[in-house]
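Given next are the chains, with one letter for each unit.
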Amino acid sequence: MQARLALTQVRQLTKTVSLARNEAGVSYLVVERDNSEAIISLYGAHLIHYAHARQPWLWLSQSAKLDGTRPIRGGVPLCWPWFGPSPERVGLGKPQHGFARTSTWTLDGISEEADNTLLHLSLRDNAQTLATWPHPFELELDVRVGDELTMMLTTRNTGSTPLVYSGALHSYLQTQAPELVKLAGLGSRYIDRLQDGANIEQSGFTLDKAVDRTYTAPSAHIIDIETGHTSLKLDNHQADSVVVWNPWKEGAATMADFDDDGWKEMICVETAITDPAGITVDPDEEHTFGFILSQKA
Ligand code: TA6
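Residues numbered from 1 in each chain as written. Predicted model: local features only at pLDDT ≥ 70, side-chain atom pairs only at ≥ 80, totals over all residues. Heavy atoms only, no water.

A. Main features of the site of the ligand. Close contacts around the ligand come from Arg73, Phe83, Gln96, His97, Arg101, His170, Asp212, Val243, Trp245 and Glu270, and that covers them all. Aspartate 212 places a polar side-chain atom, nitrogen or oxygen, 2.5 Å from an oxygen atom of the ligand. Interatomic distance of 2.8 Å between a side-chain N/O atom of glutamate 270 and an oxygen atom of the ligand. Burial of the ligand by the protein chains amounts to 82% of its free accessible area of 390 Å². Judged by its atoms lying within 2 Å of the grid points, the ligand is housed in the largest pocket. Grouping the amino acids of the shell around the ligand by side-chain chemistry returns three nonpolar, three polar and four charged. (Near = heavy atom within 4 Å. Polar contact = N/O pair within 3.5 Å; in protein donor to acceptor, adjacent residues only side chain to side chain. Areas by Shrake-Rupley, 256 points an atom, 1.4 Å probe, with all protein chains shown as cover. 1 Å grid on protein atoms, 1.4 Å probe; cavity = no way out; pocket = protein on both sides within 12 Å on 5 of 7 lines; lining within 4 Å. Sits in = over half its atoms within 2 Å of the grid points. Nonpolar A, V, L, I, M, F, W, Y, C, P; charged D, E, K, R; others polar.)

B. Molecular detail of the sheet that holds strand β24 (residues 286-295). Strand order in this open sheet of eight strands is β8-β9-β10-β11-β24-β20-β19-β15, and the pairing throughout is antiparallel. One side of each edge strand has no neighbouring strand; the edge strands of this open sheet are β8 (106-112) and β15 (182-184). Strand-to-strand twist in this sheet, taken as the mean axis angle between neighbours without regard to direction, amounts to 15 degrees. In this structure, β15 lies alongside strand β19 (residues 222-226), joined through three bridges in antiparallel fashion. Residue lysine 182 lies in a different strand from β19, and its bridge partner there is glutamate 226. (Pairing = 2+ DSSP bridges. Helix = DSSP H or I, 4+ residues; strand = E, 2+ residues; numbered from the N terminus. Axes fitted to C-alpha atoms, helices over the stretch in contact; angles between N-to-C directions.)

C. Spotlight on the side chain of threonine 154. When you line up the elements, threonine 154 lands in strand β11 (residues 149-157). In this structure threonine 154 comes out as buried when scored by relative accessible area, which is 10%. Here the side chain of threonine 154 touches threonine 288 through a polar contact of 2.7 Å, side chain to side chain. With residues up to four places along the chain from it excluded, the contact list for threonine 154 reads Glu138, Leu139, Glu140, Glu286, His287 and Thr288. (Buried < 20%, exposed > 50% of the residue type's maximum accessible area, 1.4 Å probe, protein only. Contact = heavy atoms within 4.5 Å.)

D. Highlighting the packing of aromatic side chains. Counting across every chain of the model gives 16 aromatic pairs. Measuring from ring centre to ring centre gives 5.3 Å for tryptophan 80 and tryptophan 133, while their planes differ by 75 degrees; the resulting arrangement is edge-to-face. Of this pair, tryptophan 80 sits in the loop between β7 (78-79) and β8 while tryptophan 133 is found in the loop between α1 (127-132) and β10 (137-145), placing the two residues 53 residues apart along the sequence. Classification of tryptophan 80 as buried rests on a relative accessible area of 0%. Plain terms: the ring middles of tryptophan 245 and phenylalanine 258 are 6.2 Å apart, the flat faces sit at 90 degrees to each other, and that makes the pair edge-to-face. With tryptophan 245 in strand β21 (residues 241-246) and phenylalanine 258 in the loop between α2 (248-253) and β22 (266-273), this residue pair connects regions lying 13 residues apart in the sequence. Comparing tryptophan 245 with phenylalanine 258 shows no difference in burial state: the two are buried. Taken together, the ring pairs connect Trp80, Trp82, Phe99, Trp133, Phe137, Tyr165 and Phe289 into an aromatic cluster. (Phe/Tyr/Trp six-rings, centres within 6.5 Å; stacked < 30°, edge-to-face > 60°.)

E. Representation of the pattern of salt bridges within the structure. Taken as a whole and judged by the stated rule, the model has eleven salt bridges. Where glutamate 138 meets arginine 124, a salt bridge forms, and the shortest distance between an N and an O atom there is 3.4 Å. One end of the pair, glutamate 138, is in strand β10; the other, arginine 124, is in strand β9 (residues 117-124), with 14 residues separating them in the sequence. On the accessibility criterion, glutamate 138 (17% relative accessible area) is buried. Glutamate 140 is paired through a salt bridge with arginine 156; the nearest N and O atoms lie 3.4 Å apart. Of the two residues, glutamate 140 sits in strand β10 while arginine 156 sits in strand β11, which places them 16 residues apart along the sequence. Through salt bridges with shared partners, a single network forms among Arg124, Glu138, Glu140, Arg156 and Glu286. (Salt bridge = Lys/Arg side-chain N within 4 Å of Asp/Glu carboxyl O.)

In short, the description is geometric, and any link to function would need to be established separately.
This is the structure:
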């Protein structure tokens, strides 16, 4: 993966983490453990690669732009402080999925735990974010890499008025073939963006066409995912919904950074906060949501 990304090591930071750069000068954190590995771009605090026992769990488009000029297609984009098109409360026409994924983050620290590597990254309001969204904030991402992959995003309100946000950890999972994909635990209620936001009541899931759905009542903890390569479980924390997306052939063809055949080997299963009311965080308070992705026993 490092060769594919043309990364050059800058320096070893800890036992398992090194800092690297690509040709465009974008910084990456490379985690190498005995049984797991991960790569995080500081542009977007974007996890672009995670593999367990040499098996990648995340999909990254071969044609993803990795030069810091646009959001990265694949891995786990951070959608924040809104999910999808900007809501009315923010002002229409602002960047889709917010600005966390196109901001440059700071590495605050690395903890070498017995069985994991834990990376702490952060983003604070700055002139650019305030021009788009006038709220002081501190955003913290914890990524724990080991036999499981944990990502937790904490929103801290450092301003003096309530902060309202929505978002998603927009995970692109690597799959073998659409017909081998199975998802369980999504619940039976979803909003179908491919049917003008219709509310649908239907249980069971088959991937045989384009899907762009927000499941609004997923099972409390665990979503079972069969990718064809492996069986995973996604344990969501303080999210109100799960978004499932695959653009299929026609949708992929409209995106320059989406490989033409990429739709055959991915599915997005996203840990999301999509309630239009969002989450309100009072001054000096914080709110965390995220997931644990692990192999099913
Ligand atoms: O999560 C699904 C979705 O909101 C889709 O509607 C689709 O547009 C996708 O995200 C990708 O969005 P992006 O802005 O990354 O092209």
